[in-house]
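# Secondary and tertiary structure notes
Here's the letter readout for the chains.
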Amino acid sequence: MAIDGKKKTVLQTAGVVVLMGGLAWASVPFYDWFCRVTGFGGTPNVATAAGDVLDQTIKIKFDASKERGMPWEFKPVEHEMTLRIGEEGLAFYEAYNPTDRPIAGSAAYNVAPYEAGAFFSKIQCFCFEEQVLMPGERVLMPVSFFVDPAIVTDRDAKYTKHITLSYTFYEIDLPDDVQAALDAEKDAEASLN
C-alpha cells in the first residue's frame, strides 16, 4: 500500500518533531556527559586528595541554578571563600523540595573561567550521585575540592584570580528503588481502605 504525498509529509514532520523533542530532553544530561569526558566548558577534574599547598591564595565563588521546571529551591550556603592554592576547601549547597511529591535531581557543573577548569579538582561532591528529596525535605550537600598548584605555571590559567563553581540541577526520573517503595506504600494504603 503506497502512502500519498500529504500523509508522507505529515509522517516526516511528526518524525522530525519527535526527534527534536527527544534531543531537547536529552540535551542537559548529554552536555554534562560530554563536558566530563572532554573537559570542555571548564569541567573540573575529580581527585582523591589535595597535594602541595602554596602561599598564594585564590577566591572561589559559588553559583547555583535550576533547569526550567525544576521545582526545588537550590542555592549555595556561602557565596565565596578564599583558599590557598592546593588547600582543600569544603563548601555546602542547600536544596529544598517545597512540593508534596518526592523529586529526584542530578546536577550538571562547570567552572569559569574555562582555562581554570583543568586545575579545579573535586574530591567529593553531591553531583557525583543522583539526589532524591522527599516532600518538604531540606538538605545541605557538600563539595570538597582544591585548586591544583600547577595553575600558577600554566600559560593561560596563571592569571586567574577567582574561579566560579556553578551547578545546575535538573529533574530526573525517581530511582527504581524509591519508586518501588512509593508504589508499595500506596498499595498498603489502598488495602487498608
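Residues numbered from 1 in each chain as written. Predicted model: local features only at pLDDT ≥ 70, side-chain atom pairs only at ≥ 80, totals over all residues. Heavy atoms only, no water.

As recorded in an unreviewed UniProt entry, the protein goes by Cytochrome c oxidase assembly protein CtaG and comes from Maliponia aquimaris. Of the comments in the UniProt record for the protein, the one headed Sequence similarities (unreviewed entry) reads "Belongs to the COX11/CtaG family." Under the heading Subcellular location (unreviewed entry), UniProt records this for the protein: "Cell inner membrane". (UniProt positions renumbered as here; feature names shortened; annotations may be inferred.)

## Concerning the overall build of the protein
A count of helices and strands for the protein gives 2 helices and 10 strands. Taken from the N to the C terminus, the helices and strands of the protein come in the order α-β-β-β-β-β-β-β-β-β-β-α. For the protein, the residues scored as buried account for 35% of the 193 residues in total. A separation threshold of at least 6 residues defines the contact pool for the protein, and within that pool the share at least 24 residues apart is 77%. When the accessible surface of the protein is totalled, it reaches about 11800 Å², and 56% of it is carbon and sulfur. (Helix = DSSP H or I, 4+ residues; strand = E, 2+ residues; numbered from the N terminus. Buried < 20%, exposed > 50% of the residue type's maximum accessible area, 1.4 Å probe, protein only. Contact = heavy atoms within 4.5 Å. Areas by Shrake-Rupley, 256 points an atom, 1.4 Å probe, with all protein chains shown as cover.)

## Thoughts on the sheet that holds strand 8 (residues 131–133)
Taking strand neighbours across the sheet as the criterion, the 5 strands line up as 4-2-10-6-8 in an open arrangement whose pairing is mixed. Only two strands of the sheet have a single neighbouring strand rather than two, namely strand 4 (80–84) and strand 8. Sheet twist, expressed as the mean angle between neighbouring strand axes with direction ignored, is 30°. Where strand 6 (residues 103–112) and strand 10 (residues 162–172) come together, 9 bridges link them in antiparallel fashion. Considered in strand 10, the bridge of Gly-105 is made with Glu-171. (Pairing = 2+ DSSP bridges. Axes fitted to C-alpha atoms, helices over the stretch in contact; angles between N-to-C directions.)

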